[in-house]
Amino acid sequence: MAEWPGESHSLVKGTRNKILWSDETKIELFGVNASIMLWGCFSAAGTGRLVRIEGKMNAAICKGWADIILNPMD
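The residue numbering used here restarts from 1 in each chain and proceeds along that chain's sequence as written. The predicted nature of this model means local features are confined to residues of pLDDT at least 70 and side-chain atom pairs, given and counted, to a pLDDT of 80 or more, with totals for whole chains, interfaces and linings taken over all residues. Side-chain measures here rest on the full set of heavy atoms in the structure, leaving out hydrogens and waters.

**Remarks on the overall build of the chain**
Here is the rule we go by: Put simply, DSSP H or I for four residues or longer makes a helix, DSSP E for two residues or longer makes a strand, and each gets a number counted from the N terminus. For every residue, the accessible area (1.4 Å probe, protein chains only) is compared with the maximum for its type, and the residue is labelled buried under 20%, exposed over 50%, or partly exposed between those bounds. Whether two residues touch is decided by their heavy atoms; if any such pair falls within 4.5 Å, the residues are in contact. Only the protein chains shown count as cover for residues, and the accessible areas themselves come from Shrake-Rupley with a 1.4 Å probe.
Helix and strand content of the chain: 2 helices and 4 strands. Reading the secondary structure of the chain in the N-to-C direction produces α-β-β-β-β-α. Per-residue burial for the chain yields a buried fraction of 12% across its 74 residues. Partitioning the contacts of the chain with sequence separation of at least 6, the portion at a separation of at least 24 is 15%. Taken as a whole, the chain presents about 6,200 Å² of accessible surface, with 58% of it coming from carbon and sulfur.

Next comes the structure, spelled out in structure tokens:
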């Protein structure tokens, strides 16, 4: 099994602040026969917004939200 490099490893020092982790989840709403899709992200700088996704999630939508969160004033 691969091991995560220690804190002093150059990969960890050079890239940990440049990684944006994201995930999406579909939540089934029982009793109303519906569901919602949520997307969120976090990095070394903190957490991003939790966003409700309308329709189907794809790579373009994920990248679009990541761009908005990373560059809110552009």
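**What to know about the nonpolar core**
Going by this rule: By convention a nonpolar core is built from buried Ala, Val, Leu, Ile, Met, Phe, Trp, Tyr and Cys residues, the set being connected through side-chain atoms within 4.5 Å.
Counting residues in hydrophobic clusters, the biggest one holds 6 residues: M37, W39, C41, V51, I53 and A66. For this core, the element with the highest residue contribution is strand β2 (residues 34-43), accounting for 3 residues. Beyond its immediate stretch of four places on either side in the chain, C41 contacts L20, W21, S22, T47, G48, R49 and I69.

**Overview of the pattern of salt bridges**
For the record, the criterion: Within this document, salt bridges are pairs made up of a side-chain nitrogen of Lys or Arg and a carboxyl oxygen of Asp or Glu, the two lying within 4 Å of each other.
Across all of its chains, the model carries 2 salt bridges by this definition. Where E28 meets K26, a salt bridge forms, and the shortest distance between an N and an O atom there is 3.7 Å. What makes E28 partly exposed here is its relative accessible area of 42%. Of the residues examined, K26 reaches a relative accessible area of 52% and is grouped as exposed.

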